[in-house]
Amino acid sequence: MKHNIHIFFKNILRKNAVFIKIILVLIMVMWWWFFSSSSFYGDFNLYGTVEGVDGEYYINMYEHLPTTPLAVYELIKGDRYFYVLYNKQGKKIWRSPHYAYLYDDVNSLFIPTKDSKLLRYSEEDWSDADIDNKIKEVYGNIEHNQY
């Protein structure tokens, strides 16, 4: 009986191995095509930092890595950055979408303040991000005026 179960699972895995490999390859290709240029960031691709008026939040501008055909195309066009918003303690609050290729016009940024929790940045058009929910996720159930 033990021998039959072993053979049964071995046959199932052998038949489905090709299907599993195809699915994994498709996932990796999709990740490579769309997300990998902004998946990894740090001091090595930090372009600059813009601090908010009251010092509660700051935005780091990172350069996309030239790891995908889409990223190379956007880098050639000049849209090469993505933004990550941090609070003054250095906790990540928000980041621009993986597919957003932004330029370095820091004058077009409206960084949130202690009173206003609206982030406004310019892609092709103005984009708004209400970060109030993100802040609550980071801090938990702390009252609004304490963060």
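Data block above holds the structure.
Below you will find a few notes about this structure. (Residues numbered from 1 in each chain as written. Predicted model: local features only at pLDDT ≥ 70, side-chain atom pairs only at ≥ 80, totals over all residues. Heavy atoms only, no water.)

1. Some details on the pairing of strand β1 (residues 46-51)
Next up, step 1: As paired elements, β1 and strand β2 (residues 57-63) share five bridges and run antiparallel to each other. Bridging across to β2, E51 finds its partner in Y58.
Next up, step 2: Between the antiparallel neighbours β1 and β2 lie five residues, among them G55 with a positive phi of about 80°. (Pairing = 2+ DSSP bridges. Helix = DSSP H or I, 4+ residues; strand = E, 2+ residues; numbered from the N terminus.)

2. Examining the sheet that holds β1
Next up, step 1: Sheet architecture is open: four strands sit in the order β1-β2-β3-β4, paired in antiparallel fashion. The sheet is open, and its two edges are formed by β1 and β4 (92-95), each paired on a single side. Along the sheet, successive strands turn relative to each other by an average axial angle of 25°, direction set aside. (Axes fitted to C-alpha atoms, helices over the stretch in contact; angles between N-to-C directions.)

3. Some remarks on the pattern of salt bridges
Next up, step 1: In this structure the tally under the stated criterion is three salt bridges.
Next up, step 2: For E56, the salt bridge identified is with K88, shortest N-O distance 3.1 Å. Of this pair, E56 sits in the loop between β1 and β2 while K88 sits in the loop between β3 (81-87) and β4, placing them 32 residues apart in sequence.
Next up, step 3: What makes E56 buried here is its relative accessible area of 9%.
Next up, step 4: Among the salt bridges present, the one from E74 reaches K77, with a minimum N-O distance of 3.5 Å. You can see E74 and its partner K77 sitting in helix α3 (residues 69-77), three residues apart, about one turn around the helix.
Next up, step 5: Classification of K77 by relative accessible area gives partly exposed; the value is 46%. (Salt bridge = Lys/Arg side-chain N within 4 Å of Asp/Glu carboxyl O. Buried < 20%, exposed > 50% of the residue type's maximum accessible area, 1.4 Å probe, protein only.)

4. Quick look at the side chain of R95
Next up, step 1: By secondary structure assignment, the location of R95 is in strand β4.
Next up, step 2: Using a relative accessible area of 16% as the deciding quantity, one classes R95 as buried.
Next up, step 3: Of note is the side chain of R95, whose polar atom sits 3.2 Å from the side chain of S38.
Next up, step 4: Setting aside residues up to four positions removed in sequence, R95 forms contacts with S38, Y41, F82, Y83 and V84. (Polar contact = N/O pair within 3.5 Å; in protein donor to acceptor, adjacent residues only side chain to side chain. Contact = heavy atoms within 4.5 Å.)

5. Notes on the nonpolar core
Generally speaking, a soluble globular protein has its nonpolar side chains buried in company with each other.
Next up, step 1: Counting residues in each nonpolar core, the largest one holds 13 residues, and the members touching the most others are I59, Y83, L85, W94 and I111.
Next up, step 2: Elements with a minimum of two residues in this core: β2, β3 and β4. (Core = buried A, V, L, I, M, F, W, Y, C linked by side-chain atoms within 4.5 Å.)

Purely spatial values, then, with no claim about function.
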